[in-house]
Amino acid sequence: MIKWSKVWSDFFIFLALTSNVGFIFSGDPYQLIIAVGVNLIATVLKFGAKKILSAELLATALVADLHLIPATILYFTETHVHLAVGLAIGAAVANAISIIMLIIEIIFEYSKEEDY
Amino acid sequence: MEKNHRRRKGKPYGNIKPKNYRAIYEEKFYDVLLQLRYPLMTIIFFTTLGILMLMIINQKSDGKSVLNYFFHTIITFSTVGYTEGYDTEHLEINRLFTSIFIIVTLPLVYMYGLVSIVNVFMNGNIEEIYRYWRMYKRMEKLNGHYIICHFNEITKELMKQLKKRKVKFVLIEPNPDKEKEIRDFGVEFYVIDEPYKRDVLLGVGLENARGLVTAFEENTQDIAVIVTARLIRPDKENFYIVATATNEESAEKMKLLGANEVIIPSFTVGRRIASFIFHKPTPILDRFLERIAYGEKTDIDLIEVAIDKDSELANKKLKEIKLPQQTGTTVVAIVKNDGRMKISPSGDTTVSEGDHLILLGHPKALKRAEEFIKKHQIEKTEV
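Note that the structure is a prediction, hence the values are computed from the model and not measured.

Reading the values: the criteria
Residues numbered from 1 in each chain as written. Chains lettered and ligands numbered in written order. Predicted model: local features only at pLDDT ≥ 70, side-chain atom pairs only at ≥ 80, totals over all residues. Heavy atoms only, no water. Salt bridge = Lys/Arg side-chain N within 4 Å of Asp/Glu carboxyl O. Helix = DSSP H or I, 4+ residues; strand = E, 2+ residues; numbered from the N terminus. Buried < 20%, exposed > 50% of the residue type's maximum accessible area, 1.4 Å probe, protein only. Domains from an automatic or database assignment. Pairing = 2+ DSSP bridges. Axes fitted to C-alpha atoms, helices over the stretch in contact; angles between N-to-C directions. Core = buried A, V, L, I, M, F, W, Y, C linked by side-chain atoms within 4.5 Å. Contact = heavy atoms within 4.5 Å.

A look at the pattern of salt bridges
Residues and elements named next belong to chain B. Applying the stated criterion across every chain yields a total of 16 salt bridges over all chains. The closest approach of N and O atoms between E128 and R131, which form a salt bridge, is 4.0 Å. With E128 and R131 both in helix α6 (residues 126–139) and three residues apart, the pair spans about one turn of that helix. Classification of R131 by relative accessible area gives partly exposed; the value is 26%.

This is the structure we're talking about:
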């Protein structure tokens, strides 16, 4: 049985990374708007998850947001486009870490199920 | 697998984790936050969609335009209805998109999203959750406290007395209907839960508690609590359990199962009434007895000391022991080995091994007497 709430949150967590990487390579404003939106949604979906590592997951999501929002401002004011891309790379790293933690959490959850 | 087995065997009362009352209310707070997920997601999703669509329609992606599109999306949601603050060559298609966008997003974002968020904060009982959380956070730090089971007239009186002497206690009451009454009574720490569960007793700090009082109207409930508590704290010396019973049979059973003291309220009251009939109460004597029994800041007390087999004091006359001169206490009675009681013994009375002396005096003097008797015991065994 697939848990659809889990599909939703995992979908947005993965999409946050992919859209972010997309922006780094294309440098396209449309992609940046998508990346910011998706990252914000991924953050919101991590609220209140009562699992192990939930605090760390939320922290990485907030890090990604705090990279991308300044990046958006810098990019559209056309002052420091390079810095904007750099910040997006930082956000992508945070996204990648959050995916690693997601995988660790999945492994833990399976081993817990075996315990019972 | 082996590791699991060992973990389960670890404690004599089973592998039970204490119920964490603070964490329960922390989780309730997270549940409130959890309700914000979908409304917030809706708002973010449609804001992003609005900006993107306007960028695509107008073929503009410079900073000024994007800011304008963001502004336009927000004023659409908020139904402020500000005129489009941007230059455009595609006025018609912009208006078409915006019309459709408003039709779809107004109910979703404004009605569902924003209203749900306000609703969560209005009905989320955040204040209530915080109150419980703070109480249980402080409860975790308790040490040397008493645990009281059931809220009734007996325990109410007990709690009044404990409060007067600033003794901390945690009340466990299984009936949730009594919560308001408990709160009005001013109980500092309480838990609405079943007191005969191991995790509940561990959760209220049974392992650090000094004692437990259980005063249910039903003997079976008392017995369940006594057995569970004794299972976790098997040491009768260091963990004191007092219970009430409705009849003698149950009282005996409770004592066998681990209660230190069992009181049968009807017996106690009956005897007290009888004592009023047989001994006409005089105000002074009455106050004297009250002071011994329930004294506030007791300056007089009664204790019982045993004369062991190895004691130097055995087979000596009371006047040779000189207890009043040595310690300042009075021997009120000697309880012989067979249970006979000799009231107000004379100086010529011989104390034999196995006797129990009942001493009256100031608490400090009684402590001295206890040490005195212990000293004579130890010296003999050391030689």
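Concerning the domain arrangement of chain B
For chain B, the domain assignment lists domain 1 (36–123), domain 2 (142–268) and domain 3 (299–382). Relative to domain 3 of chain B, the C-alpha centre of domain 2 of chain B lies at a distance of 34 Å.

Let's talk about the sheet that holds strand β12 (residues 356–361) of chain B
Residues and elements named next belong to chain B. Spatially, the four strands line up as an open sheet ordered β7-β12-β9-β10, and their pairing is antiparallel. Across the chains shown, the open sheet's two edge strands, defined by having one partner strand only, are β7 (301–306) and β10 (341–343). The sheet shows a mean angle of 25° between the axes of neighbouring strands, taken without regard to direction. For strand β9 (residues 330–335) and β12, the ladder comprises five bridges, and the chain directions are antiparallel. Paired with T330 across the bridge in β12 is L360.

A look at the nonpolar core
Residue and element names in this part refer to chain B. Core analysis: the largest hydrophobic core is formed by 81 residues, its most contacted members being M139 and L212. If you tally residues by element for this core, the top one is helix α3 (residues 37–58), at seven residues. Looking at which domains feed residues into this core, each of domain 1 (36–123) and domain 2 (142–268) gives three or more. Those residues in contact with L212 that sit more than four places away from it in its chain are Y146, I147, C149, L201, L206, V225, A229, F239, Y240, I241 and V242. Formed by 17 residues, the second largest nonpolar core is a distinct cluster that contains V305, L313, I334 and L366.

A look at the environment of B:F239
Residues and elements named next belong to chain B. The topology assignment puts F239 in the loop between α10 (219–232) and β5 (240–244). Its relative accessible area of 0% is what places F239 among the buried residues. F239 sits 27 residues away from L212 along the chain, and the two C-alpha atoms are 7.7 Å apart. Contacts of F239, omitting those with residues within four sequence positions, involve L206, A209, R210, G211, L212, A229, R230, R233 and N260.

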